[in-house]
Structures are given as structure tokens and as C-alpha cells.
Amino acid sequence: MFVLGDKTLICLWTLSGLIAFTLIAYMIITIARVIKNMRKPHDIAEVLYPGNQARQSNFRDKVASDLLRRNADLKWESREFKVLYQQEMDRLFKEYRE
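It should be emphasised that the depicted structure is a prediction, and the values quoted were computed from it without experimental measurement.

A. Seen up close, the overall build of the chain. The helix and strand tally for the chain stands at 4 helices and 0 strands. Along the chain, from the amino end to the carboxyl end, the secondary structure elements read α-α-α-α. By the compact-globule yardstick of 13 Å for 98 residues, the chain is too spread out, its C-alpha radius of gyration being 25 Å. The dimensions of the chain, computed from C-alpha atoms along their principal axes, are 75 × 30 × 25 Å. Of the accessible surface of the chain, which amounts to about 8,500 Å², a share of 62% is contributed by carbon and sulfur atoms.

See below:
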């Protein structure tokens, strides 16, 4: 049977403790970030209509429809549309905050 020396056991326990501490700290930081951003509005629709899911959805649909109307060659599922949509929502959010 393999027997570990005292120094080896101390080293293993120290490394295990450091690993456990690192994992716990990582989880705490991640949870804190989630909690911090939970109440933060993510787009202009949430700022304009807080708590009203139907109006938020209608606003997002209107923005998407306007983009599709201005760019007839784009499809709803295309990557280019998604990028344009996100840019438009960011622009509106920035414009609202100014």
C-alpha cells in the first residue's frame, strides 16, 4: 500500500483548500454580477414600458418591422438582420439616455 508523508498530505490539503476557495469566490462573484444586473434595463423597450411585457413586445416588433421595411433584402432569421436590430436598439437606448 502506498503511504503519503506528512508534507505531502499538508500540500494536498493546502492545494485542495485553495481550489475550493477559488471555486467559491468565482461562484460568489458570478452570482453578485447576476444580482447587480437583474434590475438593470437591457434595452429601450424595458425603459419605455417597465413591467409591461405586451407593450415591450409591441415596441420590439415595431422596430423590427421598420428595419425589415427599410431593408427588404433581409430575412427575419438572418445574421445581418440581428446585427442591425441590435444596433438600432442600442442607438435608441443611447438616444433616450441623452
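B. Structural context of the nonpolar core. Counting residues in each nonpolar core, the largest one holds 12 residues, listed as I44, A45, F59, V63, A64, L67, L74, F81, Y85, M89, L92 and F93. Elements represented by at least two residues in this core include exactly α2 (44–48), α3 (53–70) and α4 (79–97). No other element matches the 5 residues that α4 contributes to this core.

C. Molecular detail of the packing of aromatic side chains. A full pass over the atoms with the stated rule returns 3 aromatic pairs. By the ring-pair criterion, three or more aromatic residues cluster together here, those being W76, F81 and Y85.

D. Fine view of α3. The terminal C-alpha atoms of α3 lie 26 Å apart, and with 18 residues this matches the ideal 26 Å at 1.5 Å per residue to within 8%. What α3 keeps buried is the set Q56, F59, V63, A64, D66 and L67. Looking straight down α3, one finds its buried side chains confined to an arc of 155 degrees; they lie on one side. Looking at α3, the residues exposed on the side facing more than 90 degrees away from the buried face are N58, K62 and R69. Those residues of α3 that are buried lie in contact with α2 and α4.

Conventions adopted
Residues numbered from 1 in each chain as written. Predicted model: local features only at pLDDT ≥ 70, side-chain atom pairs only at ≥ 80, totals over all residues. Heavy atoms only, no water. Helix = DSSP H or I, 4+ residues; strand = E, 2+ residues; numbered from the N terminus. Rg over C-alpha atoms; globule rule 2.2 N^0.38 Å. Areas by Shrake-Rupley, 256 points an atom, 1.4 Å probe, with all protein chains shown as cover. Core = buried A, V, L, I, M, F, W, Y, C linked by side-chain atoms within 4.5 Å. Buried < 20%, exposed > 50% of the residue type's maximum accessible area, 1.4 Å probe, protein only. Phe/Tyr/Trp six-rings, centres within 6.5 Å; stacked < 30°, edge-to-face > 60°. Expected span 1.5 Å × (residues − 1). Arc of directions from axis to C-beta. Contact = heavy atoms within 4.5 Å.

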